[in-house]
Amino acid sequence: MSYRFYSTEAITGLPKRMGRALRALFERDGMAKHEHKIDVIDEIWSDDHLPALDASDEALYRAADTAARECYQFCAELQSLDAIVSAIRNHCDLHGVTAPAGEEESEIIRRALDKAWWLRGIRKAHARRCEHMAIRLGFTHFRAGAYVSNETVYRQRRRNKQNAKLLASIELQNENGQIYSLEALAALGSANKTIRHAELMTRIRGFEEIAFDLGHVGVFATITAPSKYHAVLSKNGEPNPKYMAFGEPTPRDAQAYLCDVWKRIRSKLHRDGIHAYGFRIAEPHHDGCPHWHMLMFVPPEHRERYEAVITAYALIEDGDERGADKNRVKLVRIEAGKGTAAGYISKYISKSIDGEHVGDHHMMEDGQTHIVVDDLVGDELITPSQRVCYWAQTWGIRQFQQVGGAPVGPWRELRRVKSETIHKAPEAVKAAWHAAQSIKATEINIVDGKRVKTVKTIKQASYRDYLRAQGGPTVGRKGLVKIATRATVVEGKYATYETDKPCGIYHAWNPHAVYESVRYQWTVVGAAKAVAFDLPWTGVNNCTQKTKNRKSTSVLTPEESAAIAVRLAKFIEKNPQPAYQPTDWTAIEQKSKDLERETKKFADALNAQCENTRQQEVAAYENNDMAARKRLVASWAALDACPYPRIFMTKKDL
């Protein structure tokens, strides 16, 4: 076997850092020792229909545009909505993108025709594929890049900055004339790390306080996936043979395994009459494989049975492998004299959000303690907590989840209700409202001749009192205070539909008495400064011109473009061919053959016309004939093959 393509200066399709590191590894150890990595590179090269691992943002834009154009082609060529939707789903599977959702075929098709929808899906699929390949090639572990590879850190950091810039550029105005940036409004919710951290600690402290009142005890459990879900051996950072033999699963596969284990544990506890409540936290191992920390409270007489159930179900799969009884399940009983349960779990919450008051970022792997330190990626200092957040964002893994207790939705909705609204409400509603409120005051002091504002909390919100008002920590969805909803017509980008929107709260015994919350109607001020892109028809860019001096615009006017889009929408929605019902497969097969024979002449004529138009387009570009380019746009539109402008002018054409 020849390895010369793997030992060049840059391995095609891989990020430069990865390519250089692999080349050095091959030169040091020889090719034969790393056959598996070469197989992974071959697999990357064979997926030529997907963007390369080192694809730029522009390459992803092009891939999204191409995917949308192909879906337009499906609409022009296929004879029924069922066939179009089936082709779209197959096309999504080819690109590794989740098929578009929608209750009706028209909504599904509209999503598939939108290149912005494709861009979101392709970005997500590309990020996960890149990180999975980094794991398989050995770039994600404590000796290379803990939790996620450095390439994923750089990519996710750049995306977060782009999103923040976009949010800051959009301004919204409510019915009172108040104008805020979308960034400022987002910072008022749980997207703000400080607020999310404070709310989680408030809820955990509330669980601990009500458990103390009821005489319940706390158990802290850590559940880890079998070794076949771990890409590298923690002792030496070498590839794990069990991982390769199992098919090299992703962290999402490991998360699905843990969810399945917990589903079985929960069902068994329910059958045994044990109602545990608390919190679950998902954290990554150094190689990106998730594990769970669970702080749960149970009555003291149920503690041993609870621990036995957790241990038994966590070790059902590969429970006899080496080290399973020591590393797969760890149980710690929370003792009152050795600190609080909230204090015990607070470090895990801080490690997964902002890293505040954590100190060194410790990892326990096979009995060994590793410290993850801050490092430089590019020219920016990246903390271990940032890596954990990027890991969760990349893989779409939910980090925190409440188990048991009353829903948190009414707790948040109560904060929107004014005090005068609940003046005549039942006692349970009043108690829940008072529990959810946090009262703060601002003091102004003179320090060194300067006015200094200090915010002090006069009354803290109490999740314990909220749980009591709802009916206790095991009430579940049968709580007394619920969210009231109102049917609202929403004009979305892809469909107009009716949905239930929160409008306040109500008592479960009297659902008709709604205590409305304060909500605003927001409208965008001016045009949103969203990130847009223009795509040239050819694959060649004029690299001698600076980007800021290049002018790219469509030959068609906005009115002409809008007219083409309207006509295409009507074509999709008012397709003369009715959707067939696949009940009689024999008849359907015969009908398909008849349709194929009847439309063969039309398809041949359409293909010939398209080929003729392509040849004219090439001639127009070679002769720099702008009038011919305009006529070609109209010709493509008449063929239903190019529903939006594809001809562009550059500065030298003007």
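The structure contained in this document is the topic of the report that follows.

Definitions and limits used
- Residues numbered from 1 in each chain as written.
- Predicted model: local features only at pLDDT ≥ 70, side-chain atom pairs only at ≥ 80, totals over all residues.
- Heavy atoms only, no water.
- Pairing = 2+ DSSP bridges.
- Helix = DSSP H or I, 4+ residues; strand = E, 2+ residues; numbered from the N terminus.
- Expected span 1.5 Å × (residues − 1).
- Buried < 20%, exposed > 50% of the residue type's maximum accessible area, 1.4 Å probe, protein only.
- Arc of directions from axis to C-beta.
- Contact = heavy atoms within 4.5 Å.
- Salt bridge = Lys/Arg side-chain N within 4 Å of Asp/Glu carboxyl O.
- Patch = residues over 30% accessible without salt bridge, like charges linked within 9 Å, V, L, I, M, F, W, Y side chains within 5 Å.
- Areas by Shrake-Rupley, 256 points an atom, 1.4 Å probe, with all protein chains shown as cover.
- Lys, Arg positive; Asp, Glu negative; His and termini not counted.
- Charge placed at Lys NZ, Arg CZ, Asp CG, Glu CD.
- Axes fitted to C-alpha atoms, helices over the stretch in contact; angles between N-to-C directions.
- Parallel < 35°, antiparallel > 145°, perpendicular 65-115°, else oblique.
- Left-handed = near helix turned anticlockwise from the far one by under 90°.
- Disulfide = S-S within 2.5 Å.
- Core = buried A, V, L, I, M, F, W, Y, C linked by side-chain atoms within 4.5 Å.

### Considering the sheet that holds strand β1 (residues 171-173)
Here three strands make up an open sheet; going across it, the order is β2-β1-β17 and the pairing antiparallel. The open sheet is flanked by β2 (179-181) and β17 (523-524), the only strands paired with a single partner. Sheet topology note: the β1/β2 ladder contains three bridges and is antiparallel. Counted as the bridge partner of Gln173 is Ile179 from β2.

### Description of helix α1 (residues 16-29)
Its 14 residues give α1 an end-to-end C-alpha distance of 20 Å, which sits within 8% of 20 Å, the value for a rise of 1.5 Å per residue. All buried positions along α1 are accounted for by Met18, Gly19, Leu22, Arg23, Leu25 and Phe26. What you see down the axis of α1 is that its buried residues fit within an arc of 160°, all on one side. Facing away from the buried side of α1 by over 90 degrees, the exposed positions are Lys16, Glu27 and Arg28. Of the surrounding secondary structure, the elements contacted by the buried residues of α1 are α2 (35-46), α6 (115-136) and α7 (150-169).

### Re the pattern of salt bridges
Tallied over the full model, the rule gives 31 salt bridges. Between Arg158 and Asp57 there is a salt bridge, with its nearest N and O atoms 3.5 Å apart. You can see Arg158 sitting in helix α7 and its partner Asp57 sitting in helix α3 (residues 57-77), a full 101 residues away along the chain. We classify Arg158 as partly exposed; its relative accessible area is 25%. The residue Arg333 makes a salt bridge to Glu307 at a minimum N-O spacing of 2.9 Å. Within this pair, whereas Arg333 is found in strand β6 (residues 329-334), its partner Glu307 is found in helix α12 (residues 303-314), the two being separated by 26 residues in sequence. Connected through shared salt-bridge partners, Arg205, Glu209, Asp213, Arg464, Asp465 and Arg468 make up one network.

### A few points about α2
With twelve residues, α2 extends 16 Å from end C-alpha to end C-alpha; this agrees with the ideal 16 Å at 1.5 Å per step. Among all positions in α2, only Lys37, Ile38, Val40, Ile41 and Ile44 are buried. Seen end-on, α2 carries its buried residues on one side only, within an arc spanning 155°. Contacts made by the buried residues of α2 are with α1 and α6.

### Thoughts on a positive patch on the surface
Residues Lys235, Arg322, Lys326 and Lys330 make up a contiguous surface patch of positive charge. Locating Lys330 in the fold gives a position in strand β6.

### So, the packing of α3 against helix α4 (residues 81-95)
Close contact between α3 and α4 brings their axes to 9 Å; oriented N to C, the two are set at 155°. When the interaxial angle is binned, α3 and α4 end up roughly antiparallel. As for the relative orientation of α3 and α4, their crossing is right-handed in sense. Contact residues: α3 offers Ala67, Glu70, Cys71, Phe74 and Cys75, while α4 offers Ile84, Ala87, Ile88, His91 and His95.

### Re the state of the cysteines
Scanning all chains against the criterion turns up zero disulfides. The cysteine Cys92 is free of any disulfide, with Cys71 supplying the nearest cysteine sulfur at 6.4 Å. A relative accessible area of 0% means that Cys92 is categorised as buried.

### Some details on the pairing of strand β3 (residues 217-224)
Burial analysis of β3 places eight of its eight residues in the buried class, the great majority of the element. Burial along β3 is two-sided: the face carrying Val217, Val219, Ala221 and Ile223 and the face carrying Gly218, Phe220, Thr222 and Thr224 are both buried. Where β3 and β6 come together, six bridges link them in antiparallel fashion. Opposite Ile223, over in β6, you have Val329 as the bridge partner.

### Some remarks on unusual backbone geometry
Phi angles above zero are rare outside glycine, and Tyr147 is one such case at about 75°. By the secondary structure assignment, Tyr147 is in the loop between α6 and α7. Notably, Glu248 is not glycine yet its phi reads approximately 55°, a positive angle. Considering the arrangement of structural elements, one finds Glu248 in the loop between α10 (241-245) and α11 (251-271).

### Details of the nonpolar core
As a rule of thumb, nonpolar side chains are buried together in soluble globular proteins. Judged by nonpolar contacts, the single largest core of 41 residues is most densely connected at Leu295, Ile345, Ile349, Leu414 and Tyr466. Of all elements in the fold, only α9 (193-214), β4 (277-284), β5 (290-298), α14 (341-353), α16 (408-414), α17 (427-436) and α18 (463-470) reach the threshold of two or more residues within this core. Not counting chain neighbours up to four residues away, the residues in contact with Tyr466 comprise Ala406, Pro407, Pro410, Trp411, Leu414, Ala432 and Ala435. Counting 39 residues, the second-largest nonpolar core is a separate cluster that includes Val148, Val232, Tyr243 and Leu258.

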